[in-house]
Amino acid sequence: MESPRENFYACVFVQQTTFERAMSWSRAWRAGARLSRAVFRDGAFSAFECPGALAAVSEPPPAHEKTARLLRDGVFRRSFASSASPGAGDASSKAAPMHGFDRERGGLAELTDVFHPEPVDAVGERAMQFVEAGYLRDFGGVLKFSGPASTVRCFENNPLVREALNEPGRGRVLVVDGGGSRRCALLGDNLAGLASENGWAGVVINGCLRDAEVVGSMPVGVKAIATHPLKSSKRDPGARDVPVSFAGVTVTPGDWVYADMDGVIVGGKEKFEL
């Protein structure tokens, strides 16, 4: 019969063995993780087939076996073959449209497929500027509109917004930089009605509007950041037809502005034609 002391040492031995086994698996897992990261970073897809590399992990966990297989099969490779860049020096060349391209639909997705051929993470000059995602909301009865820009810069005052919308719009888009204020509205149903009657394609407001329910029934495009029931002041008119910047874009008078439910794009002085 074993003594209590012998039982005690036997339990300690079992616990120590279990602990060492767990630590061994932990070290193997960390080594495998370092190996998989190194292989993925350096593009050395054959390193998992190298006995010297596998020696660091005698029994790799199933997760790393799956990682090795995916890396060998090239599952993680990136390809931009579907959006080839235009030829150097050829301003008129366009990218081959990606799958799902629908010329008849003519939305912002189609415009970017053709006129924004560069990979999104490439650094360089762009033919398009994009308003920050989610910054503007749709409020007008027309959800897709475009036209050359006329601009107003103001802050919590809208006399020049009324002045502009009283003029013939000729299919233009009025871009109002209200400084992003959420303390009052720069547009209501009366001004939206003027925009519709006078032939404006739409109004884009870096600020708020009111009478949203009525504006939503009017045949004009309207985008703004939010609604507010309080009307603006009339003391400081601001400035007209000057460059305005907000939400990641700079709009100068005459730049083409394109809007639909996907967002707002600012182009140059020439219209993007599909």
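One can find the structure itself at the top, above this paragraph.
In what follows, the accompanying structure is described. (Residues numbered from 1 in each chain as written. Predicted model: local features only at pLDDT ≥ 70, side-chain atom pairs only at ≥ 80, totals over all residues. Heavy atoms only, no water.)

1. Quick notes on the overall build of the protein
1) Next: The secondary structure content of the protein amounts to seven helices and 14 strands.
2) Next: Within the protein, counting contacts between residues at least 6 apart in sequence, those at least 24 apart form 68% of the total.
3) Next: Entry remark: accessible area of the protein is about 15,800 Å², with carbon and sulfur atoms responsible for 55%. (Helix = DSSP H or I, 4+ residues; strand = E, 2+ residues; numbered from the N terminus. Contact = heavy atoms within 4.5 Å. Areas by Shrake-Rupley, 256 points an atom, 1.4 Å probe, with all protein chains shown as cover.)

2. Regarding helix α6 (residues 189-197)
1) Next: For α6, every residue scored as buried is listed here: Leu191, Ala192, Gly193, Leu194 and Ala195.
2) Next: Considering only its buried residues, α6 is in contact with α5 (159-165), β5 (185-187), β6 (202-206) and α7 (212-215). (Buried < 20%, exposed > 50% of the residue type's maximum accessible area, 1.4 Å probe, protein only.)

3. A word on the packing of aromatic side chains
1) Next: Counted by the stated rule, this structure contains three aromatic pairs.
2) Next: Members of the aromatic cluster, joined through ring pairs, are Phe115, Trp256, Tyr258 and Phe272. (Phe/Tyr/Trp six-rings, centres within 6.5 Å; stacked < 30°, edge-to-face > 60°.)

4. Let's talk about the pattern of salt bridges
1) Next: What the rule picks out here adds up to five salt bridges.
2) Next: Residue Asp138 is joined to Lys223 by a salt bridge in which the shortest nitrogen-to-oxygen separation is 2.9 Å. Separated by 85 residues along the polypeptide, Asp138 in strand β2 (residues 137-138) and Lys223 in strand β8 (residues 221-224) bring together distant segments of the chain.
3) Next: Between Lys269 and Asp255 there is a salt bridge whose closest N-O contact spans 2.8 Å. Of this pair, Lys269 sits in the segment after β14 (263-266) while Asp255 sits in the loop between β12 (249-251) and β13 (256-260), and the two are 14 residues apart along the sequence.
4) Next: Overall, the relative accessible area of 7% leaves Asp255 in the buried class. (Salt bridge = Lys/Arg side-chain N within 4 Å of Asp/Glu carboxyl O.)

5. A closer look at the nonpolar core
Grouped burial of nonpolar side chains is what soluble globular proteins tend to show.
1) Next: Residues Val161, Leu165, Leu174, Val176 and Leu187 are the most contacted members of the largest nonpolar core, which totals 24 residues.
2) Next: Ignoring sequence-local partners within four residues, the contact set of Leu165 consists of Leu174, Leu187, Leu191, Leu194, Ala195, Asn198, Trp200 and Val203.
3) Next: Listed in part, the 20 residues of the second largest apolar core include Ala226, Phe246, Val249 and Val266. (Core = buried A, V, L, I, M, F, W, Y, C linked by side-chain atoms within 4.5 Å.)

6. Structural notes on the sheet that holds β5
1) Next: Strand order in the open sheet formed by three strands is β5-β7-β9, with parallel pairing between adjacent strands. Two strands in the sheet have a free side with no partner beyond their single neighbour: β5 and β9 (226-227). (Pairing = 2+ DSSP bridges.)

7. Digging into the pairing of β13
1) Next: Of all five residues in β13, five are buried; the element is thus mostly enclosed.
2) Next: Of the two faces of β13, both are covered, the one formed by Trp256, Tyr258 and Asp260 as well as the one formed by Val257 and Ala259.
3) Next: Pairing analysis gives four bridges linking strand β3 (residues 145-153) to β13, with the strands arranged antiparallel. When the sheet's bridge partners are listed, Phe145 is paired in β13 with Ala259.
4) Next: Turn length for the β13-β14 hairpin, with the two strands adjacent in sequence and antiparallel, is two residues.

8. Observations regarding the state of the cysteines
1) Next: Scanning the entire structure with this criterion turns up zero disulfides.
2) Next: Cys184 supplies the cysteine sulfur nearest to Cys154, a cysteine that is in no disulfide, at a spacing of 8.7 Å.
3) Next: Under the relative-accessibility criterion, Cys154 is labelled buried at 7%.
4) Next: Summary of cysteine pairing: Cys184 is not part of a disulfide, and the nearest cysteine sulfur, belonging to Cys208, is at 7.4 Å. (Disulfide = S-S within 2.5 Å.)

9. Considerations on the pairing of β8
1) Next: Burial along β8 is two-sided: the face carrying Gly221 and Lys223 and the face carrying Val222 and Ala224 are both buried.
2) Next: As defined by bridge partners, β6 adjoins β8 across three bridges and the pair is classed as parallel. In the strand pairing of β8, Val204 is matched with Lys223.

10. Considerations on the environment of Leu191
1) Next: The residue Leu191 is located in helix α6 in this model.
2) Next: With residues near it in sequence (within four places) discarded, Leu191 still touches Asn158, Val161, Arg162, Leu165 and Leu186.

11. What to know about the side chain of Lys223
1) Next: Among the residues examined, Lys223 registers a relative accessible area of 2% and is labelled buried.
2) Next: Not counting chain neighbours up to four residues away, the residues in contact with Lys223 comprise Leu136, Arg137, Asp138, Phe145, Val203, Val204, Ile205, Ala259, Asp260, Gly263 and Val264.

12. Quick look at unusual backbone geometry
1) Next: Within the chain, Asp241 stands out as a residue other than glycine whose phi angle is a positive 50 degrees.
2) Next: Looking at the element boundaries, Asp241 is found in the loop between β10 (239-240) and β11 (244-246).
3) Next: With a phi angle near 50 degrees, Ala247 is a residue other than glycine that sits in the positive phi range.
4) Next: Relative to the assigned elements, Ala247 resides in the loop between β11 and β12.
5) Next: Taking relative accessible area as the criterion, Ala247 reaches 15% and is therefore assigned buried.

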